[in-house]
Amino acid sequence: MALSHLSFKKMNGLGNDFAVLDARASGFRLTAEEANAIASRETGIGCDQVIVLEPSSRADVFMRILNADGSEVGACGNASRCVGALMAAELGRERVTLETAAGVLDARIAGDGLVTVDMGAPHFGWRDIPLAKKEPDTRAISLAITLPDGRVLEGPSVANIGNPHCIFWVADVDAYDLAAFGRALEYDPMFPERANISLAEVLDDKTVKLRVWERGAGITQACGTAACATAVSAARTGRTGRTVEIRLPGGIIGIEWRADDDHILMTGPVAHEFEGTLTLSNGAVTVARES
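Worth saying up front: this structure is predicted, and the values here are computed from it rather than measured.

> Looking at this structure, I do not really get the overall build of the protein. What am I missing?
Across its full length, the protein carries four helices and 20 strands. For the protein, whose C-alpha radius of gyration is 18 Å, the value lies close to the compact-globule estimate of 19 Å for 291 residues. For the protein, the spread of C-alpha atoms along the principal axes amounts to about 50 × 40 × 30 Å. Sorting the 291 residues of the protein into buried and exposed places 56% on the buried side. Within the protein, counting contacts between residues at least 6 apart in sequence, those at least 24 apart form 60% of the total.

> Can you help me understand the layout of surface pockets in this one?
Taking a probe equal in size to a water molecule and rolling it over the atoms shows the remaining empty space. Volume-wise, the largest pocket comes out at about 280 Å³. Contributing to the lining of the largest pocket are 16 residues, with Ser-7, Lys-9, Val-20, Asp-22 and Leu-53 lying nearest its centre. Going through the elements one at a time, strand S1 (3–13), strand S2 (16–22), helix H2 (77–91) and strand S19 (271–281) are the ones with two or more residues in the lining of the largest pocket. A total of four residues in the lining of the largest pocket trace back to one element, the largest contributor, which is S1. For the second largest pocket, the calculated volume is near 220 Å³.

> Can you walk me through the side chain of Arg-81 in this structure?
Relative to the assigned elements, Arg-81 resides in helix H2. Once residues lying within four places of it in the same chain are set aside, the contact partners of Arg-81 are Gly-13, Leu-14, Val-115, Val-117, Ile-253, Met-266, Thr-267, Gly-268, Pro-269 and Val-270.

> What's the story with empty space enclosed by the protein in this structure? I'm lost.
Tallied over the full model, the rule gives one cavity of 30 Å³ or more. The computed volume of the largest cavity comes to approximately 30 Å³. Along its surface, the largest cavity is lined by Phe-28, Arg-29, Leu-30, Val-52, Glu-54, Arg-64 and Leu-66. Considered class by class, the residues forming the lining of the largest cavity number four nonpolar, no polar and three charged.

Rules used throughout
Residues numbered from 1 in each chain as written. Predicted model: local features only at pLDDT ≥ 70, side-chain atom pairs only at ≥ 80, totals over all residues. Heavy atoms only, no water. Helix = DSSP H or I, 4+ residues; strand = E, 2+ residues; numbered from the N terminus. Rg over C-alpha atoms; globule rule 2.2 N^0.38 Å. Buried < 20%, exposed > 50% of the residue type's maximum accessible area, 1.4 Å probe, protein only. Contact = heavy atoms within 4.5 Å. 1 Å grid on protein atoms, 1.4 Å probe; cavity = no way out; pocket = protein on both sides within 12 Å on 5 of 7 lines; lining within 4 Å. Points joined across faces, edges and corners; volume = space filled by probe spheres on them. Nonpolar A, V, L, I, M, F, W, Y, C, P; charged D, E, K, R; others polar.

What follows is the structure in structure tokens.
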């Protein structure tokens, strides 16, 4: 199917970048192959995820999230901030609601270029993540990987924040070549739906340094749901309190895990890069950049 002159906006949250397309009027649906072609950094727009806006009966908009490999996922924290900013500007409101495959999120403009999204409550049950087998304590599961240099990563924390996350606690996140083993862990048999893989270094009880291999996208500058998963897992294991600063290669995300309702509040910046139109025909993408 050919799709002609589709308007898009290129945005990012701390370098985690997106092509945002609006299907609310036309109703088009992208195939996995088309999303992969759009995301290509060689021949497409170039992005970690393709976000398609669709009508919603439960919220101001439905955001469909397609990874660079074309796979669909339930949540994306950085994209939620970007879409929240777009919808707030479109509707002339400070607060908007976003429906995702993982549920409805509330987003609000926080000032100074920041957006706060209520990511809901985390899930820690082994079936909820999901894991391939029962684990008695998801604060540290029985998963280990031996690296080529002989070092062993083991006992990661796991959580689901709309997506499955696996967090290894290390003394120095920069001492590991995450790109060399991230994909193998993403596809580990322990994770029947694959997983986002993170290396986390606790700097103090309010600060965590993080690097992420994102499911379906690879190494990313930032991952909002990984920041959320790391923050709640750090608090849950006594490494930090419930309010932390997550430092990613692309910048800083603030996380508050509220005690009264268990919800995670994620605050971070959004950036508009450029916009234009694209045409998809026979698997090829033609991009016309306008600004």
